[in-house]
Amino acid sequence: MMTKNSVVFMLMLLLTACGYHLRGAIQLPEALQKIYVRGASAELTNAIARTFRSASGELVATAAEAGMILNVINEDYQRRTISIDSSGYSNEYDLVYRLTFDLLDNQGAVLISAQTIEVSKSYFNEQSSNTVLSKGNEEAVLRKELYSQAVRSVIDRARAELKKTLP
């Protein structure tokens, strides 16, 4: 007769065999396991470090250690007002993050030249004395998500380029 531990173990084996992955999990190709980032803001660097750590990758300190080099050409973060209420306060904002980058291999050869990724999120911002702090926190969380989304897009583009160049 099977014990409870045996049943749990069998279920875990079945889940891994069917290709199940946690939501948001990223599989990094070997060339992307170690990445060096040049010219990025602290927020982008933190987002890259978080993403790579969760995918068993590593953000390295020098280009010589890297399998790939992310060269940030430009970053731009904007908060635009979408709508205002009858008293003139902003009701809704659109947060936009734009990243222009090159991707180089570990020899310095350009794999992807000057591409721009733009990600955006909107949020409702009802102004009142009770919600000012929570809305500021909401924007910080959304901003963090924008950076993470941009990092995943860079990884997706790098993965696509690697598929084209590898035999």
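For the structure, see preceding data.
The model shown is predicted, which means the values in this text are computed figures rather than measured ones.

A.B. asks: Can you help me understand the sheet that holds strand β1 (residues 34-38) in this one?
C.D. replies: Whenever strands of a sheet pair, they do so through backbone hydrogen bonds, lying parallel or antiparallel. Spatial strand order, β2-β1-β3-β4-β5: five strands in an open sheet with mixed pairing. With one partner strand each, in any of the chains shown, β2 (58-59) and β5 (110-124) form the two edges of the open sheet. Relative to β2, β1 runs parallel, the two being bridged by two bridges. Within β2, the position partnered with Ile35 by the bridge is Leu59.

A.B. asks: Could you clarify how one ought to interpret the side chain of Asp102 in this entry?
C.D. replies: The residue Asp102 is located in strand β4 (residues 90-105) in this model. With no salt bridge to any partner, buried Asp102 finds its closest opposite charge in Arg38, at an N-O distance of 8.0 Å. Here the side chain of Asp102 touches Ala114 through a polar contact of 2.4 Å, landing on its backbone nitrogen. For Asp102, the contacting residues outside a window of four places in its chain are Ile69, Leu70, Asn71, Ile73, Ile112, Ser113 and Ala114.

A.B. asks: Explain the environment of Gly67 to me, please; I cannot follow it from the model alone.
C.D. replies: Mapped onto the fold, Gly67 is located in the loop between β2 and β3 (68-84). A C-alpha to C-alpha distance of 7.9 Å links Gly67 and Glu30, two positions 37 residues apart in sequence. Aside from chain neighbours lying at most four places away, what touches Gly67 is Ala31, Lys34, Asp105 and Asn106.

Rules behind the numbers
- Residues numbered from 1 in each chain as written.
- Predicted model: local features only at pLDDT ≥ 70, side-chain atom pairs only at ≥ 80, totals over all residues.
- Heavy atoms only, no water.
- Pairing = 2+ DSSP bridges.
- Helix = DSSP H or I, 4+ residues; strand = E, 2+ residues; numbered from the N terminus.
- Buried < 20%, exposed > 50% of the residue type's maximum accessible area, 1.4 Å probe, protein only.
- Lys, Arg positive; Asp, Glu negative; His and termini not counted.
- Salt bridge = Lys/Arg side-chain N within 4 Å of Asp/Glu carboxyl O.
- Polar contact = N/O pair within 3.5 Å; in protein donor to acceptor, adjacent residues only side chain to side chain.
- Contact = heavy atoms within 4.5 Å.

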